[in-house]
Amino acid sequence: MIIETSNTLPRQARPIILIGAGGIVNGAHLPAYKLAGFWVAGIYDIDREKALRTATDFDIPLVYYTIEDMLDRSPRSAVFDIAVPGSEILAVLRQLPDAAYVLMQKPMGEDLAMAREILALTRERRMTAGVNFQLRYAPYINAARNIISQGLIGELCDIEVNVNVHTPWNLWKFLYSLPRVEILYHSIHYIDLVRTFLGNPDSVYAKTTRHPSMPELASVRSAIIMDYGETIRANILTNHCHDFGLEQQHSYIRLEGTRGAILIKMGVLMNYPEGVADSFQYVIKENGKVPEWKTLEVAGSWFPHGFIGSMAQVMLAAEGAIERPDNSVEDAIHTMACVEAAYESNVRGGVRPLL
Ligand SMILES: NC(=O)c1ccc[n+]([C@@H]2O[C@H](COP(=O)([O-])OP(=O)(O)OC[C@H]3O[C@@H](n4cnc5c(N)ncnc54)[C@H](O)[C@@H]3O)[C@@H](O)[C@H]2O)c1
């Protein structure tokens, strides 16, 4: 059995211009680009000190003073890699040239209304734009997709994402003032992932909850049901407040079909940001045999390898190898619509039990 785990790369990589020099750029974008051999031509951050530090750490030749300076000194072929808080994306996009190639960090704005504005702007300005939903391209997800597309586990009928970890939200100060945190900034990856396997759901139910020890943050725990009708179950359950050591933390994606199942441990979320090792196990039922779980060694992880895939999609579209990135704004807007539906469901609440 051959299982593909790598991402398709462009024939010729384009120069990357980074906008934002924060945690995710240093921790994942730049390590990924180094692995892929993608060249970063320059970097801009409103905090110039951070841009200078990142440029030094990763040998980036140009640190721009302003966005105008960046545009003056950017090659036409560049991909603008925006990694700023969701609230800032639209303002940055407005300053980019027509027909620009763009990858923007998730979320695609702070709500569906902003996502629609982003979509309208990228259409109007004929941009080739993708959203950095890179869990889709993590090597273990590529492996799962490959197993499923070969029909090895039968018909996919159950997805469960279950995360019980301690997330140091203090790393993202910008989250403190926001009305939406967990689903918009974290579970959004799982919602997006489920969509890539099952398409758009009929509806979304959700409850998202604050935590007594984190009063400064909006909700940090969520239960989300993506409704795909009678025979498919897709549930996301996250608790980021398990501050009781590593021993009982867990973080997994389970994909079950009619003939087998896949269990992926996402080590990166446990003991964050150091992480622990991932694992990939699968089982395929054989007639007359006791089901036997096997382990597949998958090289690479969500962080940073998935980030190669999301950037590669924009480069592939830019060189005409594909019509649009798989993670295009046209697709990502559906993930944003699911996120919006989740928050709306949370407000509407459940059905009161009546006697
Ligand atoms: N797995 C993932 O996809 C993942 C993980 C973490 C963060 N993120 C996303 O990446 C984005 C940034 O997160 P982070 O962890 O790097 O945050 P961060 O706070 O560490 O960095 C954000 C950076 O953006 C800069 N910035 C803000 N507004 C700007 C503007 N208008 N122009 C230029 N620079 C600007 C800030 O000065 C800061 O350096 C967030 O939207 C977050 O959702 C994604």
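Description of the structure in this document.

Calculation rules
Residues numbered from 1 in each chain as written. Predicted model: local features only at pLDDT ≥ 70, side-chain atom pairs only at ≥ 80, totals over all residues. Helix = DSSP H or I, 4+ residues; strand = E, 2+ residues; numbered from the N terminus. Rg over C-alpha atoms; globule rule 2.2 N^0.38 Å. Buried ≥ 20, exposed ≤ 12 C-beta atoms within 10 Å, placed from the backbone. Contact = placed C-beta atoms within 7 Å. Axes fitted to C-alpha atoms, helices over the stretch in contact; angles between N-to-C directions. Parallel < 35°, antiparallel > 145°, perpendicular 65-115°, else oblique. Left-handed = near helix turned anticlockwise from the far one by under 90°. Nonpolar A, V, L, I, M, F, W, Y, C, P; charged D, E, K, R; others polar. Near = placed C-beta within 6 Å. Expected span 1.5 Å × (residues − 1). Pairing = 2+ DSSP bridges. Right-handed = clockwise from strand over helix to strand, strands pointing away. Core = buried A, V, L, I, M, F, W, Y, C linked by C-beta atoms within 7 Å.

Attention now goes to the overall build of the protein. On a plain count of helices and strands, the protein comes out with nine helices and 14 strands. Expected size for 355 residues packed as a compact globule is a radius of gyration near 20 Å; at 20 Å, the protein falls within 12% of this value. Structurally, the protein occupies a C-alpha span of about 65 × 50 × 40 Å along its principal axes. Out of the 355 residues belonging to the protein, those deemed buried represent 45%. Long-range contacts, defined as pairs at least 24 residues apart, comprise 71% of the intrachain contacts of the protein with a sequence gap of at least 6.

Quick look at the packing of helix 7 (residues 182-198) against helix 9 (residues 329-348) now. Running from N to C, helix 7 and helix 9 cross one another at 120°; their axes reach a closest spacing of 9 Å. As judged from the angle between their axes, helix 7 and helix 9 are oblique. Two packed elements cross with a definite hand, and for helix 7 against helix 9 that hand is right-handed. Across from I183, L184, I188, I191, D192 and R195 in helix 7, the residues of helix 9 making contact are H334, T335, C338, V339, A342 and Y343. Partitioning the contact of helix 7 with helix 9 into residue classes produces eight nonpolar, two polar and two charged.

Bringing the site of the ligand into the picture now. Taken together, 26 residues surround the ligand, and among them G20, G22, G23, I24 and Q105 come closest. Every element with two or more residues in the shell around the ligand is listed here: helix 1 (23-36) and helix 4 (89-94). Considering every element that reaches the shell around the ligand, the biggest residue donor is helix 1, with three residues. A per-class count over the shell around the ligand returns 14 nonpolar, seven polar and five charged.

A separate point is unusual backbone geometry. The linkage connecting Y272 with the following residue, P273, adopts the cis geometry, with an omega of 0°. Within the fold, P273 resides in the loop between strand 12 (260-265) and strand 13 (279-284). Backbone torsion omega between F303 and P304 reads 0°, so that peptide bond is classified as cis. Note that P304 resides in helix 8 (residues 302-318). Here the phi dihedral of D59 falls at roughly 55°; this positive angle occurs in a residue that is not glycine. Mapping D59 onto the fold places it in the loop between helix 2 (48-58) and strand 3 (62-63). Among the residues examined, D59 registers 9 C-beta atoms within 10 Å and is labelled exposed. Of note in the backbone geometry, A99 takes a positive phi value of approximately 65° without being a glycine. You can see A99 is positioned in the loop between helix 4 and strand 5 (101-105).

Our focus in this paragraph is helix 7. The terminal C-alpha atoms of helix 7 lie 22 Å apart, and with 17 residues this matches the ideal 24 Å at 1.5 Å per residue to within 8%. Judged by how many residues are buried, helix 7 sits mostly within the fold: 14 of 17 residues are covered. Of the residues trailing helix 7, G199 is marked for its positive phi of about 85°.

If you trace the eight strands from one edge of the open sheet to the other, you get 8-9-10-7-11-12-13-14, paired in mixed fashion. The open sheet has two edge strands, strand 8 (203-209) and strand 14 (294-295), and neither has a second partner. With eight bridges joining them, strand 7 (residues 156-164) and strand 11 (residues 250-257) adopt antiparallel strand pairing. Following the sheet pairing, E160 is matched in strand 11 by R254.

Bridge count between strand 7 and strand 10 (residues 233-239): seven bridges; the pairing is parallel. Directly across from E160, in strand 10, lies its bridge partner N235. Linking strand 9 (residues 221-227) back to strand 10 in an antiparallel pair, the connection comprises five residues, with G229 at a positive phi of about 90°.

Once that is clear, we can look at the pairing of strand 2 (residues 40-44). Most of strand 2 sits inside the fold, with four of its five residues counted as buried. Where strand 1 (residues 16-19) meets strand 2, four bridges bridge the pair, whose relative direction is parallel. Counterpart to L18 in the pairing with strand 2 is I43. Considered for its hand, the β-α-β crossover made up of strand 1, helix 1 and strand 2 is right-handed. Bridge count for strand 2 against strand 3 is two bridges, and the pairing is parallel. Opposite G42, over in strand 3, you have L62 as the bridge partner. Taken together, strand 2, helix 2 and strand 3 constitute a β-α-β crossover, and its handedness is right-handed.

Within the largest apolar cluster, 103 residues are counted, with the highest numbers of intra-cluster contacts made by L18, V79, F80, I82, V102, I191 and M311. By residue number, the principal contributor to this core is helix 8, which donates 10 residues.

Relative to the assigned elements, I232 resides in the loop between strand 9 and strand 10. In this structure the C-alpha to C-alpha distance between I232 and V181, which are 51 residues apart in sequence, comes to 27 Å. Apart from the residues lying within four places of it in its own chain, the contact partners of I232 are C157 and L198.

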